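# Structure assessment
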Amino acid sequence: DITEQLSDQRNAAWSDIARRIAHEIRNPLTPIQLAAERLQRRFGGEVESDKETFERLTGTIVRQVGDLRRMVDEFSNFARMPKPVFREENVHDIAKHALFLHEVAHPALKFTLQPAEGCFAMVCDRQQLSQALTNVVKNAVEAIESRRNRGEHSLAGDRIDLKVSEEGGQLVIEVLDTGVGLPEERERLTEPYMTTRVRGTGLGLAIVKKIVEEHQGEIGFHDRPGGGTRVRIAFDTDKLSRLLSEPGSDNDRAPQD
Ligand code: ADP
C-alpha cells in the first residue's frame, strides 16, 4: 500500500545519504591515520622532555580516528544491509559462536549458554542472525562495564547468560546481563541514533530490530529483579516457514547445497 511505498522510498533515500556520508568521512581518515602513525614512529622517542606530550597527542589522534572509523563502518553496514538469504541452520550453533567471540575478547567476564549443547533448527540468514546476537551481547558487555565504571559490582558476580528455547511454534533467544539496567528511553531503544553512550552510534539495536523483523520475530527489553537487563527475541518459526514456502517468496534465490 501507499504508506509502505512511501516508507520504502524514504528508507532508500536515507540509505543513499548514509552511504555518501560514510564515504566522505572515510576518505580523509586513512591519510590522517597514516600520518599520525608515521609521526609516532618517527619522532616518538627523540627529545626526551617532549616525548610524553608527543605520545599523548599522537595517541589521541590514533584513538579518535579509530573510533570514527568504527562508527562509520557501523553506519555503512546499516545502510547497506542486504536482504536475508534463508537456509536451515542450528540457532544454538550461531549463538555459541557469537558468545565465543565476546568470551575471547573479555576473559574476565563469565558467559554461559543454556542448554550447553543442542539443536534448534530455524530457517534464517546465518550471517545476519549472528550479527544481531553479537550486537545484543555487545550491549550486555557494555552495560556491565558501565556499572563497573560507576564503581558498582553485582553481588553475585558479573555474567552474561544466553538461553535458547522453543516455546510452542516460537524459537526464543534470551540474553541476560548484570549490567546498569535499561535507560529511561526504553521505548526508543531500537530507533536509529538512540544512544546513551558517549561513543555510541545508536545503530546496534536498529540493526537488530531490522534483522529480527525480517525473520518474523519480535524483540523485547525487560528489567531483571536485582538489576540488569533481559533481552528476549522470539521468532515465529511457523509463520516464517509458511511465508518462505509461498509461491513468489524470493527464497528461491537462496543457494542450496
Ligand atoms: P549504542 O550501543 O551505540 O548505544 P544500541 O542501539 O546498541 O546503540 O543501544 C542503544 C541504547 O540502548 C544504548 O545506548 C543503551 O542505553 C541501551 N541498551 C542496550 N542494551 C542494553 C543493556 N543490555 N543494558 C542496558 N542498556 C542497554
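In what follows, the structure referred to is the one given above.
Below, the structure is looked at part by part. (Residues numbered from 1 in each chain as written. Predicted model: local features only at pLDDT ≥ 70, side-chain atom pairs only at ≥ 80, totals over all residues.)

## Some words on the sheet that holds strand E4 (residues 159–167)
The mixed open sheet is built from 5 strands, whose spatial order is E2-E4-E5-E7-E6. In this open sheet, the two edge strands, each paired with only one partner strand, are strand E2 (110–114) and strand E6 (217–223). Direction aside, the axes of adjacent strands within the sheet are offset by 15 degrees on average. Pairing of E6 with strand E7 (residues 229–236) involves 7 bridges; the strand directions are antiparallel. Across the sheet, Asp223 pairs through a bridge with Thr229, a residue of E7. Contacts between helix H5 (residues 204–214) and the sheet are confined to E6 and E7, with E6 contributing the most and set at about 135 degrees to the helix. (Pairing = 2+ DSSP bridges. Helix = DSSP H or I, 4+ residues; strand = E, 2+ residues; numbered from the N terminus. Axes fitted to C-alpha atoms, helices over the stretch in contact; angles between N-to-C directions. Contact = placed C-beta atoms within 7 Å.)

## Regarding the pairing of strand E5 (residues 170–177)
In the sheet, E4 pairs with E5 via 8 bridges, with the strands oriented antiparallel. Looking across to E5, one finds that Ile160 is bridged to Asp177. Where E4 folds back onto E5 in an antiparallel hairpin, the turn is made up of 2 residues, including Gly168, whose phi is positive at roughly 45 degrees. One ladder, built from 7 bridges, connects E5 with E7; its direction is antiparallel. Its bridge partner lying in E7, Ile173 is registered against Ile233.

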